[in-house]
Amino acid sequence: MTTTNITNTHNTTDLVGTEAAWGPRIVRPAEAGVSASAEGLREYLLGTDPGGLLVESRAVVFRGFGVSTETYDAVADLLLPDRLAYVHGNSPRTKVGRNLYTSTEYPAEFEISMHNEMSYAHAWPSRILFFCDIAAATGGATPVVDGKLWLDSIDPKVRAAFAPGVRYTQNLHDGMGFGKSWQSTFETDDRAEVEAFLDGAEAEWNWQPDGTLRVTQVRRATLSHPVTGTEVWFNQADQWHTAGLGEDAAALAEIVPEDELPQNAYFADGSPIPAEYITHVQEVGMKVAVNVDWEAGDLLFVDNVAVAHGRRAFTGQRRILVAMS
């Protein structure tokens with residue numbers, strides 16, 4: 001297995017229970033025994049079991065096949081049997097194709113911490129497929145981390161505190177306000193449709209007088225992989241808690257009542273999560289992560305339970321698209 005353009009940026013000397021570094025497998029045309037084209041990649045995928053490959057490797061980079069926006073769908077359909085809409089997603093994205101989205105729209109100068117996609121939700125995608133349309137001028141890697149390594153590297157005291165789970169809260173405005181609207185979050189203007197979705201997701205919800213939708217969910221902090229049984233860190237408390245969202249979120253928390261913030265996270269019983277716990281979880285995740293440095297045309301296929309992902313800061317243009325199933 002080659003690890004060209006995949007770099008490990010961490011120093012684990014101060015971490016708890018760390019193991020040897022893990023990195024995604026890279027599949028190139030020569031290794032696959034096919035032509036360096038999207039059709040060659042299709043030929044390879046038709047002759048293999050993508051699901052088995054993903055369980056074995058946890059993350060796979062397909063590089064050198066010249067995939068483009070025009071040939072993407074033909075390849076993606078073999079890797080993602082049923083593409084999911086990004087319903088109840090909390091990251092700003094733009095839909096650009098058949099359940100195909102921009103990977104994120106946070107400003108380039110910010111890193112995005114490690115997370116499993118929609119781990120705060122009642123249901124989450126099992127597979128994620130990233131596609132590099134335009135690579136950044138500098139930076140812009142997608143770091144990935146083995147969920148077991150992340151869990152094992154977190155201080156036992158912090159792990160124990162999270163064991164009962166995480167309580168996530170959202171205030172989704174009606175078109176004007178901080179954060180996302182409920183219409184954008186659920187990709188509908190139909191309140192009844194949203195209510196049915198939330199009832200099925202075992203979430204508590206209510207409409208505020210100004211049209212804001214308030215949602216509360218209690219979810220797990222760790223998860224056992226459905227195939228391997230491996231326990232992994234699996235929550236987004238640090239991406240919902242004000243301590244993990246940077247200076248702008250901290251400033252907003254000073255002027256907006258806590259129960260009216262766009263989002264927040266607590267321990268399962270509703271008690272506050274110490275800011276230092278949030279910082280510790282974020283820092284550990286980024287330290288043990290391995291960077292996937294993009295080349296145009298790359299595909300990154302990820303087991304969304306076994307592996308978490310993030311984003312490094314960048315300069316220049318960067319267009320990474322993402323689909324899920």
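Up top you'll find the structure we're talking about.
These numbers were taken from a predicted model, which means no experiment stands behind them. (Residues numbered from 1 in each chain as written. Predicted model: local features only at pLDDT ≥ 70, side-chain atom pairs only at ≥ 80, totals over all residues. Heavy atoms only, no water.)

A.B. asks: Can you help me understand the sheet that holds strand S17 (residues 299-303) in this one?
C.D. replies: To summarise the sheet geometry, strands pair through backbone hydrogen bonds and adopt either a parallel or an antiparallel arrangement. The strand order across the open sheet built from seven strands is S2-S3-S17-S7-S20-S5-S4, with neighbouring strands paired in mixed fashion. Sheet topology places strand S2 (25-27) and strand S4 (95-97) at the edges, where each strand pairs with a single neighbour. For this sheet, the mean angle separating the axes of adjacent strands, direction not counted, is 25°. Taken together, the four bridges between strand S3 (residues 59-62) and S17 define a ladder with antiparallel strand orientation. Looking at the pairing, Ala59 lines up with Val302 of S17. Here helix H2 (residues 38-46) sits on the sheet in contact with S2, S3 and S17, set at roughly 145° to S3. Along the sheet face, helix H3 (residues 50-57) touches S2, S3, strand S7 (127-134) and S17 and points at about 115° away from the line of S3. (Pairing = 2+ DSSP bridges. Helix = DSSP H or I, 4+ residues; strand = E, 2+ residues; numbered from the N terminus. Axes fitted to C-alpha atoms, helices over the stretch in contact; angles between N-to-C directions. Contact = heavy atoms within 4.5 Å.)

A.B. asks: Please explain the sheet that holds strand S15 (residues 263-267) as it appears in this structure.
C.D. replies: Strand order in the open sheet made by the four strands is S11-S12-S10-S15, with antiparallel pairing throughout. In the strand order of this sheet, the two ends are held by strand S11 (204-207) and S15, each with one partner. Neighbour-to-neighbour, the strand axes of the sheet open up by a mean angle of 15°, direction not taken into account. Bridging between strand S10 (residues 166-172) and strand S12 (residues 213-219) involves seven bridges; their strand directions are antiparallel. Across the sheet, the residue bridging to Asn171 is Arg214, located in S12. On top of the sheet, helix H8 (residues 191-200) reaches S11 and S12; it is set at about 160° to S11, its chief contact.

Purely geometric stuff here, so don't read any function into it on its own.
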